[in-house]
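# Observations on chain architecture
What follows is the residue order along each chain.
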Amino acid sequence: MNLHEYQGKEILASHGVRVQRGIVANSPAEAVAAAKELTAQTGTGWHVIKAQVHAGGRGKGGGVKLAKNLQQVEEIAGQIIGMDLITPQTPPTGKRVHKVLVAEDVYYPGESETSEFYVSVLLNRGKGRNMIMYSTEGGMDIEEVAEHTPDRIFTEEIDPAVGLQGFQARRIAFNLGLSGNAFKEMTVFIASLYKAYIDSDASMFEINPVLKTSDNKILAVDAKVVLDDNALYRQKKYAEMRDVLEENAIEVEAKEVGLNYVDLDGTVGCMVNGAGLAMATMDLIKYAGFEPANFLDVGGTADAKRVETAFRIILKDANVKAILINIFGGIVRCDRVAQGVVDAYKNMGDTIKVPIIVRLQGTNAELAKEIIDNSGMPILSATLFQEAADQVKAALS
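Residues numbered from 1 in each chain as written. Predicted model: local features only at pLDDT ≥ 70, side-chain atom pairs only at ≥ 80, totals over all residues. Heavy atoms only, no water.

## Some words on the overall build of the protein
Selection rule: Secondary structure counts use DSSP, requiring at least four H or I residues in a row for a helix and at least two E residues in a row for a strand, with both numbered from the N terminus. Throughout this description, buried means an accessible area under 20% of the type-specific maximum (1.4 Å probe, protein chains only), exposed means over 50%, and partly exposed covers the range between. We call two residues contacting when some pair of their heavy atoms lies within 4.5 Å. Working definition of accessibility: Shrake-Rupley area with a 1.4 Å probe, residue cover restricted to the visible protein chains. A positive count includes Lys and Arg, and a negative count includes Asp and Glu. His and the chain ends are not counted in either. Where a charge lies is defined by one atom per residue type, namely NZ (Lys), CZ (Arg), CG (Asp) and CD (Glu).
Assigned secondary structure in the protein consists of 13 helices and 18 strands. Dimensions of the protein, computed from the C-alpha atoms along their principal axes, are close to 85 × 50 × 40 Å. The buried share of the protein, taken over its 397 residues, is 49%. Taking the intrachain contacts of the protein between residues at least 6 apart in sequence as the baseline, contacts between residues at least 24 apart amount to 68%. As presented, the protein carries roughly 18,800 Å² of accessible surface, and 51% of it is formed by carbon and sulfur atoms. Across the protein, the centroid of the 41 positively charged side chains sits 3 Å from that of the 52 negatively charged ones.

Here it is as structure tokens:
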């Protein structure tokens with residue numbers, strides 16, 4: 001589950017991480033009020049207006065701007081709220097901005113130059129350990145750093161038996177070239193950041209940039225946080241942070257009815273039971289020369305109601321030109337699935353305007369094929385993987 005920047009900062013601040021302070025606003029008027037309140041709290045004269053969307057690269061898309069007075073706060077907030085922000089991490093049409101974060105200016109002049117760093121905490125799946133990745137090249141895309149100057153990226157693996165050790169936090173501060181008070185602040189920052197990551201059951205905390213201010217303080221200017229969906233049952237307060245407006249509407253609807261659905265860019269809709277078979281079915285579609293429109297796992301119960309619901313979910317995607325149903329009848333009987341498909345087709349009437357190809361294998365597969373073939377419905381049945389692929393190809397050619 002992705003979080004907004006302001007939500008990630010709330011988690012960080014609750015764990016003792018110093019952050020760039022800010023207040024969320026849903027309108028230009030609220031932004032002005034937030035700026036006034038922020039000035040009273042922090043003394044800041046300038047304010048940074050940040051679009052709150054689940055995407056990186058907001059600055060490049062015009063979603064982060066500096067306001068030097070209250071009139072500019074109102075004007076910039078008015079420009080950003082309601083815009084369709086396009087960044088390298090959004091769909092081509094962009095993402096609609098519903099709120100902004102009015103943040104304090106932390107790049108103030110002082111006794112030393114400011115410096116930006118990159119720090120993230122994530123799981124190294126290859127080694128089964130958490131890892132802190134960091135770099136002196138903050139404020140820019142870490143992918144570009146990895147491509148052009150990989151020697152400037154460091155990693156610190158955390159032994160799960162003992163957790164983050166003090167010497168590791170000090171090594172990170174040393175490799176970032178810090179000294180004096182900034183060195184001490186960074187060690188505290190890293191320890192608190194890692195604790196926030198562990199306590200929130202996160203799968204990633206990415207802070208880019210981490211700023212060394214002109215008076216040698218270390219703080220998080222941005223925060224990209226992803227929480228582990230599988231742990232939300234024990235993170236109730238964080239689960240409430242979910243913003244469905246930032247998620248794919250079809251995926252949200254599918255989740256509400258218990259379907260595992262992921263929207264993709266292709267034209268062949270998939271309805272499968274089991275994640276492994278779903279992945280194989282997507283490969284099958286690609287081998288046939290097409291692209292899958294979705295990943296959809298209906299699970300172990302594929303009765304008429306569930307199949308009909310899955311049909312309606314798939315058909316909400318206007319790009320779908322055909323639907324391939326691929327069910328393995330292990331626990332579930334193929335004849336029941338076939339009857340479910342036929343009943344769902346009858347119930348939906350003219351709603352289904354695309355070819356349906358059904359492949360059923362397993363318990364009572366032959367009976368299932370008879371039900372499909374004798375239904376009188378324009379449903380194509382297949383027995384073999386290749387046969388199903390050929391029927392998809394024929395239907396779309």
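Picking up where we left off.
## A few points about the pattern of salt bridges
What counts is decided by this rule: In what follows, salt bridge is the name for a side-chain nitrogen of Lys or Arg lying within 4 Å of a carboxyl oxygen of Asp or Glu.
With the rule as written, the count across this model stands at 21 salt bridges. A salt bridge links E5 to R58; its shortest N-O distance comes to 2.9 Å. Of this pair, E5 sits in helix α1 (residues 5-14) while R58 sits in the loop between β2 (47-51) and β3 (64-67), and the two are 53 residues apart along the sequence. A relative accessible area of 3% means that E5 is categorised as buried. Here R171 makes a salt bridge to E156, at a shortest N to O gap of 2.3 Å. Of this pair, R171 sits in helix α5 (residues 166-175) while E156 sits in strand β9 (residues 153-158), and the two are 15 residues apart along the sequence. For R171, a relative accessible area of 37% translates into the label partly exposed. Taken together, the salt bridges that share partners define one network made up of E5, K9, K50, R58 and D222.

## Points about the domain arrangement of the protein
Quick reminder of the rule: Either an automatic procedure or a domain database provided the assignment from which the domain bounds are taken.
According to the domain assignment, the protein contains domain 1 (1-19 + 110-247), domain 2 (21-105) and domain 3 (249-396). Each of domain 2 and domain 3 was reduced to a C-alpha centroid, and the two centroids are 44 Å apart.

## A look at the packing of aromatic side chains
Note the threshold: The criterion for an aromatic pair is that two Phe, Tyr or Trp rings (for Trp, the six-membered ring) have centres within 6.5 Å, with stacked assigned to planes under 30 degrees apart, edge-to-face to planes over 60 apart and tilted to the rest.
Evaluated as defined, the whole model comprises two aromatic pairs. Measuring from centroid to centroid gives 5.3 Å for Y134 and F154, while their planes differ by 20°, and the two rings are stacked. Remark: F154 occurs in strand β9 and Y134 occurs in strand β8 (residues 129-135); sequence separation between them is 20 residues. Assessed through its relative accessible area of 1%, Y134 is described here as buried. When its relative accessible area of 27% is taken as the criterion, F154 is described as partly exposed.

## Focus on the sheet that holds β3
Worth spelling out the cut-off: DSSP-based pairing: two strands are paired if at least 2 bridges between them are found. To get an axis, a line is fitted to the C-alpha atoms, and for a helix only the part in contact is used. The angle between two axes follows their N-to-C directions and goes from 0 to 180 degrees.
Reading across the sheet, the four strands line up as β1-β6-β2-β3 and stay open at both edges, with antiparallel pairing between neighbours. Strands at the two margins of the open sheet, each flanked by one partner only, are β1 (22-25) and β3. The average undirected angle you get between the axes of adjacent strands in this sheet is 25°. Each of β2, β3 and β6 (100-104) touches helix α3 (residues 70-80); the most contacted strand, β3, lies at about 165° to it.

## Notes on the side chain of H4
Along the polypeptide, H4 turns up in the segment before α1. Beyond its immediate stretch of four places on either side in the chain, H4 contacts Q52, V53, H54, D243 and E246.

## Notes on α1
Taken across its ten residues, α1 has seven buried, putting it largely inside the fold. The complete set of buried residues in α1 reads E5, Y6, Q7, G8, K9, I11 and L12. Two residues or fewer past α1, G16 is found with a positive phi of approximately 85°.

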